[in-house]
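Fold and geometry: a report
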Amino acid sequence: MTESLKLKLLKNAGWLFSAEVISKLLAYGVIVILSRTLGPEGLGQYSFIFYYVGLLGIFSDLGVGYYFMREVARDRSKADELLPDVLGLKIVLALVNFVVIVVLTLFLPKPMWIKALILVVGAEAMLTWVSLALVQLMYAHEVTKYEAIARTVERFWAFFVGGTVLYFFRSLSPFILALLIGYTVREFLRIKWGARYVKKISVRFNPQIWLFLLKKSYPFWLIGLFTMIYYRTDMVMLSILRGDYETGIYRAAYTLIEVPMFVPSIVVSTTMPSMARLWEQDKKTLNILLKKSLQMLTGLGVLGLVGYFILAHWGIIIVFGKEFLASVSVLRILAFAVPFMFLNSLLGSFLNATGGELTFTKITGFTALLNVVLNYFLILTYGVKGAAVATVVSQVFAVFLATTKIREEFR
């Protein structure tokens, strides 16, 4: 690996690391304030709203954003050519997706006030879905600092403003509205800074070009769809099958599991553009980059597993209080998923960056189906612990399949 590549990766990783540490600490603080103020049921309702909207965001991108990032990473001159069509398509997709959320929410077996909050969150999500194209543009140029700053600003707003609103009102509705203001500020910062990497931001509505983009990007959409189902279905199914209390218990444990996930996120965000470029230019260096990344993430993942298993009781009591003692056993089960979650992030990114998106589509499709089936039967039988077991089993299968395919490619 060349020294210039090492320095670039370290610089980008440094920005994302700083932002992720600050963001995770503040996000962690927000969840703690929420759980201690509104208890397991309040945390369960909050989790259901955002996971539900995220799960229904299936038509918001169709894989176009990832395809756009990969192509610009390989040839930066394509940015001005592709961005107007990408933005036009994403605007239309965001509107379609919002209509889907509205229609499905009307039939949701939830109180009207929760349905209203879902629609407000879905409306703001349209701006998020569109602005992500500018984030992917910056990542394609191997620049991460602006996204790091935007995330940090939003997290500070969520913690200080959202926390203050929650403290005074002790109600979920004003708290979520405060969060959405912070999200909106973040999206405008993304648009402002992303605009630096094109001559000008324009929007083009050309269905013929959209069809071309969709033909190229549909594997990435399927990957995103299956991944979304995989990571969000447990919370939604728990809420529907077992209620808000068990959803809150699971969310408390999963919140602690999410804390170290910034590690693979940083590795993936900083190495993906380089992997896409090296696949075309220098496979030997790519092989070295992949091996070193795998070694690092495996070691850190095993340390995470050991730490969570030993400190689960202490962590739940200190952070969430005795009201969440039921989360301890759930956290210990989820701890076994940590090393595999680390590796899955990297292996999936590698396959996408190197033209193996169809292979990864099949892997994520199988994993998502397995996860849904396991969640259904295990939640009905074992409740919240069943959801945790489903997560671990699915992650193990995903790593096994991805590793097998990548070994075949390098042979």
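A short tour of the structure in this document, coming up. All values derive from a computational prediction rather than experimental measurement.

Observations concerning the overall build of the protein
Each helix and strand in the protein was counted, giving 14 helices and zero strands. Each helix and strand of the protein, ordered N terminal to C terminal, gives the series α-α-α-α-α-α-α-α-α-α-α-α-α-α. Relative to the compact-globule value of 22 Å for 411 residues, the protein shows a C-alpha radius of gyration of 21 Å, a close match. Counting only C-alpha atoms and orienting by the principal axes, one finds that the protein spans roughly 55 × 45 × 35 Å. Here the protein holds 411 residues, and the buried ones make up 55% of them.

Details of helix H10 (residues 283-320)
Relative to the 56 Å expected for 38 residues at 1.5 Å per residue, H10 spans just 47 Å between its end C-alpha atoms, considerably shorter than the ideal helical length. At Leu 311, H10 shows its maximal kink, close to 70°.

Some points on the packing of aromatic side chains
This structure, assessed with the given rule, holds 15 aromatic pairs. Taking the centre distance of 6.3 Å and the plane angle of 25° together, the rings of Phe 59 and Trp 221 count as stacked. One end of the pair, Phe 59, is in the loop between helix H1 (3-55) and helix H2 (64-74); the other, Trp 221, is in helix H7 (residues 207-242), with 162 residues separating them in the sequence. Classification of Trp 221 by relative accessible area gives partly exposed; the value is 21%. Aromatic rings pair up to connect Tyr 46, Phe 50, Phe 175 and Tyr 183 into one cluster. When the ring centre of Phe 48 is taken as reference, the NZ or CZ atom of Lys 110 above it lies at 4.6 Å. Cation over ring: Arg 332 sits above Phe 309, and NZ or CZ is 5.7 Å from the ring centre.

Concerning a nonpolar patch on the surface
A surface patch of nonpolar side chains, amounting to about 800 Å² of accessible area, comprises Val 302, Val 306, Phe 309, Ile 310, Leu 311, Trp 314, Ile 318 and Phe 336. With respect to the helices, strands and loops of the structure, Val 306 is situated in helix H10. In this structure Val 306 comes out as partly exposed when scored by relative accessible area, which is 42%.

A short note on the packing of helix H8 (residues 244-258) against H10
Across the interface, H8 lies against H10 with an axial gap of 11 Å and an inter-helix angle of 115°. Both H8 and H10 take part in a crossing whose hand is right-handed. Residues Ala 252, Thr 255, Leu 256 and Ile 257 of H8 form the contact with H10, whose own contacting residues are Tyr 308, Gly 315, Ile 316 and Phe 320. For the contact of H8 with H10, the per-class residue count stands at six nonpolar, two polar and no charged.

Let's talk about the side chain of Thr 364
Residue position: Thr 364 is located in helix H13 (residues 357-382). You can call Thr 364 buried: its relative accessible area is 8%. In this structure the side chain of Thr 364 is engaged in a polar contact, spanning 3.0 Å, whose partner is the backbone oxygen of Thr 361. Setting aside anything within four residues of it in sequence, one finds Thr 364 in contact with Leu 222, Ile 223, Phe 226 and Thr 227.

A word on the pattern of salt bridges
The full count for this structure, using the stated rule, is 13 salt bridges. Ionic pairing is found between Asp 244 and Lys 110, a salt bridge with its closest N-O pair at 3.4 Å. Here Asp 244 is found in helix H8, whereas its partner Lys 110 is found in the loop between helix H3 (79-106) and helix H4 (112-140), with 134 residues between them in sequence. Where Glu 187 meets Arg 190, a salt bridge forms, and the shortest distance between an N and an O atom there is 2.9 Å. Taken together, the residues span about one helical turn, with Glu 187 and Arg 190 both in helix H6 (residues 172-194) at a distance of three residues. Classification of Arg 190 by relative accessible area gives buried; the value is 6%. Connected via shared salt-bridge partners are Glu 147, Arg 151, Glu 154, Arg 155, Arg 186, Glu 187 and Arg 190.

Some words on the environment of Asp 234
Positionally, Asp 234 belongs in helix H7. With 152 residues separating them in the primary sequence, Asp 234 and Gly 386 have C-alpha atoms 9.6 Å apart. Once residues within four sequence positions are removed from consideration, Asp 234 is found in contact with Tyr 250, Tyr 254, Asn 375, Ile 379, Ala 387 and Thr 391. Only 2.7 Å separates the side chain of Asp 234 from the side chain of Tyr 250, close enough to count as a polar contact.

About the thresholds
- Residues numbered from 1 in each chain as written.
- Predicted model: local features only at pLDDT ≥ 70, side-chain atom pairs only at ≥ 80, totals over all residues.
- Heavy atoms only, no water.
- Helix = DSSP H or I, 4+ residues; strand = E, 2+ residues; numbered from the N terminus.
- Rg over C-alpha atoms; globule rule 2.2 N^0.38 Å.
- Buried < 20%, exposed > 50% of the residue type's maximum accessible area, 1.4 Å probe, protein only.
- Expected span 1.5 Å × (residues − 1).
- Bend = angle between axes of the 7 residues up to and from the residue.
- Phe/Tyr/Trp six-rings, centres within 6.5 Å; stacked < 30°, edge-to-face > 60°.
- Lys NZ or Arg CZ within 6 Å of the ring centre and 35° of its normal.
- Patch = residues over 30% accessible without salt bridge, like charges linked within 9 Å, V, L, I, M, F, W, Y side chains within 5 Å.
- Areas by Shrake-Rupley, 256 points an atom, 1.4 Å probe, with all protein chains shown as cover.
- Salt bridge = Lys/Arg side-chain N within 4 Å of Asp/Glu carboxyl O.
- Axes fitted to C-alpha atoms, helices over the stretch in contact; angles between N-to-C directions.
- Left-handed = near helix turned anticlockwise from the far one by under 90°.
- Contact = heavy atoms within 4.5 Å.
- Nonpolar A, V, L, I, M, F, W, Y, C, P; charged D, E, K, R; others polar.
- Polar contact = N/O pair within 3.5 Å; in protein donor to acceptor, adjacent residues only side chain to side chain.

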